[in-house]
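# Chains, contacts and geometry: an overview
Below are the chains, spelled out letter by letter.
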Amino acid sequence: MLSMVGKPSTMLPNRLSVVSRSLSTTNQKHYLVLGAGSAGSVMTHRLLEKNHKVTLVDAGSHGSSHSRTQLPSAVKNNPLHFWKFQIPSALTYNLRAESKANWHYETTPQPLLNGRSIDQPRGKCLGGSSNLNAMVYVRGNKGDFDSWPPFMSEEKDAIGWGYEDCLPYFKKAQTSHTPNCTADMKVFKGFDGPLEVTNGAQFSKHVYPGKPEKLLRSPLHDALLEAGAECGYKSTPDSNGYSQEGFGPMDQTVGMDGARCSTEVAYLAKNLDNPNLTIVQGHAKELLFDGVAVKGCSVATPDGQSMDIMADETISSLGSIGTPQLLMLSGVGPSDHLSDHGIETVVDLPVGQNLQDHLEFYMQYRTTARSLYPVGNWLPYPHLRVATGLEWFLSGAGLAASNQFEVGAFLRTGAGVQWPDIQYHFICGAVIGQEEFVKENAMQVHVGTLRPAARGTVTLKSKDYRDAPLIDPRYLTGEDDLHGLVRGFEMTREVMRAPAMEKYNSGALNFDESFTYSEAAEWIKANCHSAYHPCGTASLGPVCLSDGRVRGTRGLRVVDASLMPNMTSGNLNAPVIMMAEKIAEAVVEEGGGRKKERVEMFEGGDWMNSQR
């Protein structure tokens with residue numbers, strides 16, 4: 001039975017309030033999914049596929065579950081905002097202060113970052129952070145996943161989390177549109193999943209089929225790849241395939257219609273008229289326990305009322321900030337910390353510990369090549385910006401149809417590092433905050449470390465669910481964390497002065513190229529920021545079993561980035577979607593979540609003796 005006590009909440013578009021509902025078959029269950037983000041959208045879709053009933057709760061209401069070709073309906077439902085989600089090049093709009101689709105979290109002041117509080121945006125809408133992110137599709141490295149199973153070594157009959165256990169679920173989620181995909185590349189890709197993934201190497205060929213005269217690719221893209229080779233680095237045609245290491249094209253979650261393919265579009269949109277789905281707009285306040293069994297969740301509605309939603313199983317997919325907050329508010333967490341806030345402990349677990357995040361910084365250069373600047377700003381060429389937008393609205397093509405991160409690199413900082421610990425995102429422009437491009441032709445490399453040793457916390461500010469939790473990543477407290485960033489700076493400076501880039505490089509824009517090691521370190525501490533990849537706060541092993549069930553409880557499961565015991569080497573959206581696919585199968589199929597696929601992969605070559 002589904003019962004809701006109190007005033008029914010405001011539903012998201014096209015959904016009806018339901019007070020009670022009986023299950024129609026003996027095998028049908030009712031699941032309460034908290035959070036309609038990357039993981040929650042996947043879980044909802046897969047549960048509905050098996051004819052289960054789902055109540056999906058999310059605090060946000062903005063978003064667009066429409067493709068670019070469904071503009072009339074999209075405009076009707078969200079006339080002022082839908083384009084901010086759908087146009088790939090508009091990726092920074094929902095990071096701005098005025099966005100209602102963002103929780104706008106901040107960290108506590110970070111002592112080793114000169115006391116700065118660092119922005120931590122999180123999605124507050126259908127699709128969650130997949131509607132806010134940069135659409136960079138990175139699976140991570142085989143070594144990341146192979147480090148996970150030891151955390152669950154004491155669990156009998158655990159579902160596996162090594163790379164071979166995860167690959168089938170990456171493929172299940174994906175429809176790859178990479179042109180000229182060789183047989184060796186195809187073994188790593190999926191071709192019939194909900195999530196569309198395109199590739200920077202052939203980007204212009206899918207937005208302008210058969211029109212080579214309209215190639216979008218900048219000479220700077222090819223110059224970066226050539227510069228990497230000139231410096232002795234490897235190249236890789238597919239960083240999500242045989243070898244992550246090297247310079248090459250980047251994958252992006254942009255569909256063939258030129259629009260962002262969020263999990264809202266990929267997984268939720270097709271279910272909005274499913275009678276087994278109820279979507280409730282509300283803020284999860286507290287899990288409802290009967291002993292150690294979770295029976296549902298108390299939800300605050302936008303009008304300030306409260307409702308209790310009961311279900312056979314509750315799944316928290318609120319993300320690595322929201323999930324630990326809800327668990328601790330409900331009595332699942334470190335008993336001393338809960339006691340400090342007057343919360344009775346139900347299960348004493350290290351919830352909120354093990355917080356991990358990536359740091360990065362921008363190295364900006366003036367360039368002689370034409371960059372995104374003339375299009376990226378309103379002035380002095382407003383007609384160019386208008387024309388670019390109109391082109392996207394009319395055809396889904398042009399510069400607006402790319403996230404602009406079409407090439408990048410995964411590199412190692414030194415001999416003895418087995419797999420890449422530095423990532424580049426490259427863009428043919430230089431940005432000022434999240435607002436606009438610098439008013440001259442420029443380019444920038446986003447340089448970030450991939451496996452920092454720092455471990456932080458998410459803790460409660462108070463027992464009031466409306467108070468954002470305290471987020472303390474403890475940036476740079478890990479041994480060699482700062483050294484890794486400085487090495488990334490030095491390596492990038494070398495690449496950007498290689499002959500292929502030198503002819504386009506007119507000098508550094510936001511730093512001094514003559515920086516010594518210590519000067520670079522101080523500059524990094526003053527200028528680095530989060531890559532927005534928090535994870536690990538309800539991790540597999542210490543907090544959750546291998547299928548996401550929370551230790552010591554019944555009827556409660558976590559499915560989101562909180563589960564990661566160690567963070568992956570790259571952007572987190574693709575791994576989170578994979579994890580949800582894997583756990584969803586474990587939930588709905590007896591013996592599910594256990595597929596394996598063995599493939600040959602590059603595992604570092606002479607990594608003990610060589611840095612490149």
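The numbers attached to residues start from 1 for each chain and follow its sequence in the written order. Per-residue local features of the predicted model are confined to residues with pLDDT of at least 70, and side-chain atom pairs are confined, for both listing and counting, to 80 or more; whole-chain, interface and lining totals are unaffected and use all residues. Remark: hydrogens and water are excluded; side-chain values derive from all non-hydrogen atoms of the structure.

## Quick notes on the confidence of the model for the protein
Which entries qualify depends on this criterion: pLDDT gives the predictor's per-residue confidence on a scale running from 0 to 100. Here, two residues are considered to be in contact whenever any of their heavy atoms come within 4.5 Å of each other.
Chain-level pLDDT for the protein is 90 on average; 89% of the residues reach the 70-or-more range. Below pLDDT 50 for its whole length, residues 66–76 participates in 22 contacts with residues either more than four positions away or in separate chains.

## Describing the packing of aromatic side chains
The condition is simple: Any Phe, Tyr or Trp ring, taking Trp's six-membered ring, that has another such ring centre within 6.5 Å forms a pair; planes under 30 degrees apart are called stacked, those over 60 apart edge-to-face, and the others tilted. To qualify as a helix, a DSSP run of H or I must reach at least 4 residues; to qualify as a strand, a run of E must reach at least 2; elements of each kind are numbered from the N terminus. A simple rule labels every residue: compare its accessible area, found with a 1.4 Å probe on the protein chains alone, to the largest value its type can have, and call it buried under 20%, exposed over 50%, or partly exposed in between.
Enumeration over the complete set of coordinates arrives at 19 aromatic pairs. Ring plane angle 75° and centroid distance 5.9 Å describe the contact between phenylalanine 247 and tyrosine 424, whose orientation is recorded as edge-to-face. Separated by 177 residues along the polypeptide, phenylalanine 247 in strand β10 (residues 246–249) and tyrosine 424 in strand β21 (residues 422–427) bring together distant segments of the chain. Here phenylalanine 247 matches tyrosine 424 in class, with each residue buried. Consider the rings of phenylalanine 515 and tryptophan 523, whose centres lie 6.4 Å apart with planes at 45°: the pair is tilted. Tryptophan 523 shares its class with phenylalanine 515; the two are buried. Among the aromatic side chains, those forming a connected cluster through ring pairs are Phe361, Tyr365, Phe489, Phe511, Phe515 and Trp523.

## Thoughts on the sheet that holds strand β4 (residues 53–58)
In a beta sheet, neighbouring strands are held together by backbone hydrogen bonds and run either parallel or antiparallel to one another. Here is the rule we go by: Think of it this way: DSSP has to see at least two bridges between two strands before they count as a pair. To get an axis, fit a line to the C-alpha atoms, keeping to the stretch in contact for a helix; angles then go from 0 to 180 degrees between the N-to-C directions.
Strands sit in the order β12-β4-β3-β16-β29 across an open sheet of 5 strands; the sheet is parallel. The outermost strands of the open sheet, each flanked by one partner alone, are β12 (277–281) and β29 (556–558). For this sheet the average axis-to-axis angle between neighbouring strands, irrespective of direction, equals 20°. With 4 bridges joining them, strand β3 (residues 30–34) and strand β16 (residues 313–316) adopt parallel strand pairing. Opposite leucine 34, over in β16, you have serine 316 as the bridge partner.

## Considerations on the pairing of strand β14 (residues 293–300)
In terms of residue burial, β14 counts as a mostly covered element, since 7 of its 8 residues are buried. Pairing between strand β13 (residues 283–290) and β14: 7 bridges, direction antiparallel. Bridge assignment links glutamate 286 to a residue of β14, and that residue is serine 298. Turn length for the β13-β14 hairpin, with the two strands adjacent in sequence and antiparallel, is 2 residues, and the turn residue glycine 291 shows positive phi of about 70°. Linkage of β14 to strand β15 (residues 306–310), two consecutive antiparallel strands, is achieved through a turn of 5 residues, within which glycine 304 is found at a positive phi near 90°.

## Let's talk about unusual backbone geometry
A cis amide bond, omega 10°, links leucine 379 with the succeeding residue proline 380. In the Ramachandran plot, leucine 476 falls in the positive-phi region, its phi being about 70° despite a non-glycine side chain. Mapped onto the elements of the fold, leucine 476 is located in the loop between β26 (470–472) and α14 (481–496). Under the relative-accessibility criterion, leucine 476 is labelled buried at 10%.

## A closer look at the pattern of salt bridges
Here is the rule: By salt bridge we mean one thing: a side-chain nitrogen of Lys or Arg within 4 Å of a carboxyl oxygen of Asp or Glu.
Taken as a whole and assessed by the stated rule, the structure comprises 25 salt bridges. When the shortest N-O distance is used, the salt bridge between glutamate 581 and arginine 46 registers 2.8 Å. A residue pair is termed long-range when its members are at least 10 positions apart, and glutamate 581 in helix α17 (residues 573–588) and arginine 46 in helix α1 (residues 38–49) qualify at 535 residues. The same class applies to glutamate 581 as to arginine 46, namely buried. Linking aspartate 547 and arginine 549 is a salt bridge whose minimum nitrogen-to-oxygen distance equals 2.8 Å. Judged by relative accessible area, which is 13%, aspartate 547 ranks as buried. When salt bridges that share partners are traced, they join Glu313, Asp547, Arg549 and Arg557 into one network.

## Here's the deal with α14
We apply this condition: Helix span, as expected, comes to 1.5 Å for every residue beyond the first.
The terminal C-alpha atoms of α14, which comprises 16 residues, lie 23 Å apart, in line with the 22 Å expected from a rise of 1.5 Å per residue. For α14, the buried fraction is high: 12 of the 16 residues fall into the buried class. Residues of α14 that are buried: Asp481, Gly484, Leu485, Val486, Arg487, Gly488, Phe489, Met491, Thr492, Arg493, Val495 and Met496.

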